[in-house]
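Listed below, chain by chain, are the residues.
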4 protein chains.
Amino acid sequence: MIIQFNKDIAPKQREKIIERVESLHYKSTLVTTQKGDYLVGIGKREFDIRELGHFPGIDDIHIVSDDYKLVSRKWKVAPTTINLGDDVLIREGALAVMAGPCSIEGEEQIAKTIEHLKSNGIRIMRGGVYKPRSSPYSFRGMGIEGLKIWHDHAREANIKIITEVMQVSQIEEMYDYIDIYQVGARNTQNFNLLDELGKVDKPVMIKRGISGTIDELLYSAEYVFSAGNERLVLCERGIRTYERASRNTMDLNAIPILKEKTHLPVVADPSHGVGIRHHVEPIALASIMAGADGIIYETHEKPEEAFSDGQQTLNFTESRQLIRKMKEVIDLREKL
Amino acid sequence: MIIQFNKDIAPKQREKIIERVESLHYKSTLVTTQKGDYLVGIGKREFDIRELGHFPGIDDIHIVSDDYKLVSRKWKVAPTTINLGDDVLIREGALAVMAGPCSIEGEEQIAKTIEHLKSNGIRIMRGGVYKPRSSPYSFRGMGIEGLKIWHDHAREANIKIITEVMQVSQIEEMYDYIDIYQVGARNTQNFNLLDELGKVDKPVMIKRGISGTIDELLYSAEYVFSAGNERLVLCERGIRTYERASRNTMDLNAIPILKEKTHLPVVADPSHGVGIRHHVEPIALASIMAGADGIIYETHEKPEEAFSDGQQTLNFTESRQLIRKMKEVIDLREKL
Amino acid sequence: MIIQFNKDIAPKQREKIIERVESLHYKSTLVTTQKGDYLVGIGKREFDIRELGHFPGIDDIHIVSDDYKLVSRKWKVAPTTINLGDDVLIREGALAVMAGPCSIEGEEQIAKTIEHLKSNGIRIMRGGVYKPRSSPYSFRGMGIEGLKIWHDHAREANIKIITEVMQVSQIEEMYDYIDIYQVGARNTQNFNLLDELGKVDKPVMIKRGISGTIDELLYSAEYVFSAGNERLVLCERGIRTYERASRNTMDLNAIPILKEKTHLPVVADPSHGVGIRHHVEPIALASIMAGADGIIYETHEKPEEAFSDGQQTLNFTESRQLIRKMKEVIDLREKL
Amino acid sequence: MIIQFNKDIAPKQREKIIERVESLHYKSTLVTTQKGDYLVGIGKREFDIRELGHFPGIDDIHIVSDDYKLVSRKWKVAPTTINLGDDVLIREGALAVMAGPCSIEGEEQIAKTIEHLKSNGIRIMRGGVYKPRSSPYSFRGMGIEGLKIWHDHAREANIKIITEVMQVSQIEEMYDYIDIYQVGARNTQNFNLLDELGKVDKPVMIKRGISGTIDELLYSAEYVFSAGNERLVLCERGIRTYERASRNTMDLNAIPILKEKTHLPVVADPSHGVGIRHHVEPIALASIMAGADGIIYETHEKPEEAFSDGQQTLNFTESRQLIRKMKEVIDLREKL
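Remember, it's a predicted structure, so these values are computed and weren't measured experimentally. (Residues numbered from 1 in each chain as written. Chains lettered and ligands numbered in written order. Predicted model: local features only at pLDDT ≥ 70, side-chain atom pairs only at ≥ 80, totals over all residues. Heavy atoms only, no water.)

**Remarks on the relation of the copies chain D and chain B**
Phase 1 of the analysis: Once turned by 180° and shifted 0.0 Å along the axis, chain D lies on chain B with an RMSD of 0.0 Å. What the rotation and shift describe, once combined, is the action of a two-fold rotation axis. Within chain D, the C-alpha atom positioned nearest to the axis of rotation is that of Tyr242 of chain D, 2.0 Å from it.
Phase 2 of the analysis: Comparing contact sets, 100% of the residues at the interface of chain D also lie at the interface in chain B, consistent with an isologous, same-surface contact. (Least-squares fit on C-alpha atoms with pLDDT ≥ 70 in both. Contact = heavy atoms within 4.5 Å.)

**Observations concerning the sheet that holds strand β3 (residues 37-42) of chain D**
Residues and elements named next belong to chain D.
Phase 1 of the analysis: Pairing within the open sheet is antiparallel, and its four strands lie in the order β2-β3-β1-β4. Where the open sheet ends on each side, the last strands, each with one partner, are β2 (27-32) and β4 (58-62). Strand-to-strand twist across the sheet, computed as the mean angle between neighbouring axes with direction ignored, equals 20°.
Phase 2 of the analysis: Of the strand pairs in this sheet, strand β1 (residues 2-5) and β4 are connected by four bridges, and their pairing is antiparallel. Each bridged residue has a counterpart across the sheet, and for Gln4 the counterpart in β4 is Asp60.
Phase 3 of the analysis: Strands in contact with helix α1 (residues 11-23) are β1, β2, β3 and β4; relative to β2, the strand with the most contacts, it is inclined by about 150°. (Pairing = 2+ DSSP bridges. Helix = DSSP H or I, 4+ residues; strand = E, 2+ residues; numbered from the N terminus. Axes fitted to C-alpha atoms, helices over the stretch in contact; angles between N-to-C directions.)

**Points about the interface of chain B and chain A**
Phase 1 of the analysis: Between chain B and chain A, the residue contacts involve 39 residues of the former and 39 residues of the latter.
Phase 2 of the analysis: Carbon and sulfur atoms supply 67% of the area buried between chain B and chain A, which totals about 3000 Å² over both sides.
Phase 3 of the analysis: Summed over the three residues of chain B that lose the most area to chain A, namely Tyr242, Asn253 and Leu336 of chain B, the buried surface amounts to 22% of that side.
Phase 4 of the analysis: The tally of links between chain B and chain A comes to two salt bridges.
Phase 5 of the analysis: Among the ionic pairs, Glu243 of chain A bridges to Arg208 of chain B, the shortest N-O distance being 2.7 Å.
Phase 6 of the analysis: Between chain B and chain A we count 16 residue pairs in polar contact (both at pLDDT 80 or more) in total.
Phase 7 of the analysis: Considering every element that reaches the side of chain B that touches chain A, the biggest residue donor is helix α10 (residues 277-290) of chain B, with eight residues. (Buried area = accessible area lost by both parts, 1.4 Å probe. Salt bridge = Lys/Arg side-chain N within 4 Å of Asp/Glu carboxyl O. Polar contact = N/O pair within 3.5 Å; in protein donor to acceptor, adjacent residues only side chain to side chain.)

**Quick notes on the UniProt feature "domain: DAHP synthetase I/KDSA" (unreviewed entry) in chain A**
Phase 1 of the analysis: As recorded in UniProt, the sites labelled "domain: DAHP synthetase I/KDSA" (unreviewed entry) are residues 87-330 of chain A.
Phase 2 of the analysis: The straight-line gap between the two end C-alpha atoms of residues 87-330 of chain A is 18 Å; of that span, 40% is helix and 15% is strand. (UniProt positions renumbered as here; feature names shortened; annotations may be inferred.)

**Observations regarding the packing of helix α3 (residues 107-119) of chain A against helix α4 (residues 143-157) of chain A**
Residues and elements named next belong to chain A.
Phase 1 of the analysis: Where α3 contacts α4, the two axes come as close as 10 Å, and the packing angle between them is 30°. Judged by the angle between their axes, α3 and α4 are roughly parallel. Helix-helix and strand crossings are classified by hand; for α3 and α4 the assignment is right-handed. In contact with Glu107, Ile110, Ala111, Ile114 and Lys118 of α3, α4 contributes Gly146, Ile149, Trp150, His153, Ala154 and Ala157.
Phase 2 of the analysis: Tallied by class, the residues present in the contact of α3 with α4 amount to seven nonpolar, two polar and two charged. (Parallel < 35°, antiparallel > 145°, perpendicular 65-115°, else oblique. Left-handed = near helix turned anticlockwise from the far one by under 90°. Nonpolar A, V, L, I, M, F, W, Y, C, P; charged D, E, K, R; others polar.)

Printed below as a string of structure tokens:
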């Protein structure tokens, strides 16, 4: 059950409603986000919803049969739009494109990438400054100093920044320099990180776990939302299976399934999803036809010299061609 | 190594070449298909290809580094076209659509389906008369009698038939009534069946195994080809993973990967790939953008009354809409 | 529902019972095996079992909630014993050991293996004469001629033979020369083969599919049983997962789960389960502690020269040591 | 390459060696643990190891071909023993048993569990005070207050404590109250957490990731070791596969494989590995035969009333029986 409170509800009145809900043997969680105040009630007992409906201060009450609640499309049918400012939106019915290198490597690379994005009308740049690496001896990113340099260039060019946050202490450190926090596939169930991301007022994009289920991804989003942040984006990036001809198995089924289950925007990451440079384009275009609200992919001036993920990174010529084709595909999709 | 023989090569001359190949410690397999005579040599020793090149009777020699040989695109770059007659083709650069029920249920159902296909310009009808079922107590199909009735109607309407063959003894029994033999996902590695399908001159479509790798699918095709039948089509139909929100995990990565590895046409089966009726359309359209040469899907006048697979079967209204959209998507793909 | 008929039931009386069952909207299958006559009723409607109980000719009636019926332990609590003659049994509370090469390679190899088995008290020899191979160019086994030679030696030594049957036509061909038909992991859902194996009176061991579920294995056994053969053994041989440090992932959970679900004996195959020679021993011993009724493993005088699977094959010294340890482990298990 | 420094090496001398290593184009990481000082060199160029051997201050140099280094058994063949004090050891050739509830629930539960452990000779108690839960609305544990109560009781009874640490800030908070930090399956690749656990001098047990590979587990251990803590234990707890008859698929292959690859002790968790109460015992006993150095399992006075994981938790009678049987199995294993 989700109760939407009226903005002007008196604290006392809210207390009364909580008491009533708990008297029905529902565990209640009070949620305050950028957009509203909610009471999430978790319980199994059936009761007459009208019992609650007459309480003043309630805007609406929803019975949500899913185990996740606030991210469910069963109570909020209208899609959620993420507004990054300067007319940069992530929303259903359009295509948000995020591109950039796997790792931020230095000022020159940043400048060249931004130039490439600008000249192709791309407004959001991706890149890693903290890199989760299987081996402790691998390059772990330029860190906050790299982010600051990146931010200087991006602001000047009016480009938005999405980058991965790996631990709680980085949230505040990064806050002034980013537009979207990305939660990586190894941290999808890092519940402390999710809890803390619920307390900031910046959008969060959560990648599906390396072998995470669709439901687990929704639950992870529920963590952030129920902790206070409803500016959320989900991302399908391929799952781990027995198949080795590709790096991961891109699960495009997840896109229409997520779009049905949640009101949050859904982005596809074909670079990690297939992991082979010359197959990124067909998987990107397929993702759009499957219903993705955005595409995030890796591009680098010289992929063969990239610090990481070169084998799945497009060069700027390939990237330009992909952007052109994506525009045509999204145009067609909207007309179909 | 693949040696293409000249059509007019004398048997004696062929023998000489085989002897020479085996003297190089290559195991040789002589292959005679509808289209030509080949010698496949399997070995590891390096040798000077010119040694063989001067033998009369040889049209061409190819060193193929893949473990599968005859199905590899490394020697035959031009895509293979499957011609079913009456201008019905399965080929790269177009979209072959195959639609129909999971199970053939009776004359009325056949007639209605054919009418639906005809009115929408679909030339190939799918349907099962022998059904592989996990439980021995489930409906196992109408068998050969059902196929004969189906065939009568299909011929009249100039509709081609694709249906599953489950065992060797059915190959001959079905021969006169079908246009494409389908090898189901449980039989992808039924090597005896593959061997025997190599001896008939009708096209064979091989579905990827339930948890088969892309390479295993190519090897299975190599079985049929090396036994004498090169009229082959491959089909991605989803793989088994831990995810339960969909019936299978449609592996769209497999489509561009297969298109790169083999000259054979590649078809996608979104009905089994996602297994949920209202998600079949986006996955079908995504498959086209991923590069599929064909789409096979399930449709039934009343899916809720279908003998099997109703939950993933489109009704005729949904099917008509899908056909319309697929045409627009393939048009766009060819223009991009 | 399973109805056990009395051996002396009159055909007319049986007909009456079938009619009654079908009048309850249960689909009925009459099963006649080596050991008895059964009527399997598949339906959902609840009814008073006493309605049927008073019919003469019925020995017992069981309501079985599992979807598989005849192989379920819910109606037949006592474990099934497979008697191969000459006091060679496969049964709960003991350990049947089956050992031998992956492929039968020739008379000398057969003789040496038999000598090794005899001197270590092993009564059942495994070996392949028809080999399912991913590539059509690999060695496919010595075929029926190899089996006949093997049979000559085995009979003389009073050793039983288990070998893989790959297709229907081989069932009769092999009949006189084998003691147990093995259905391989690629044929677990080759339903025509299972149907036909239901018609012979020799034991059948069914391996779990390469990515088969435990329930699918039970259903496959139900195929054979319901077609008339209840002399069945199940075999866990590892499943396909994302892990590549081992050939397969041995699913030892499957052993106690199968032992609970079915009355059939359960054998473990550590050679395929782990696929690495020096790890076969611990996995074999672990399988016994998990409750296996038998162990099947690969041994060869010179594994490094074996035609196939050498990397997972024990030499005779390792095999002897394993046999010694298995005896101690089974002794302990029976005392615990 | 791993260089073991002499304890008395002069800082200047160490610098010289590092310079020399880096001049060979090896990336060097200086590691200082409880037990020694190491230089890990990562590079590919071949060089003459004698070049370095003559430097004073070097005790030993090892070329380690594995990608992980410090945890590899290729340089440290002798198994690592973890000494928890009071003669409580985790080491090869013995069996360390850790038992207790999924969640710490309160003082009475703690007392009863400790009594059960004491009377059965178990020295290490498991239990969660911070619980990773898929849903934000589930019980998340008693937190640090619960741990303090637990610690009071455990110290009095001379019982050691292992409990899960979920985030960096908990490391210090927990330090005085625990004996082993457990890294849960959702945090196996939480690299920041691993880095920080490298800085404390308490043992760390790392569980294999939910779908983690064996190599990834070793890399995660390498993180902790290379950050300064070599008191490490690994734990196999089942992996995620397509099979649903068990909660996870216990990968017993991982035990002998890990024992071969690393000198660290390897523990098995049959409770999570199979997830079904009455199958925990056979999987525990099988794990011992597979070579496990320890068993961790869940027990509760009344599993049906446990706050979490009741379905896989043994009651005290079952636990007592398991302990008795484990003793007999480990006795046999050591004699074989």
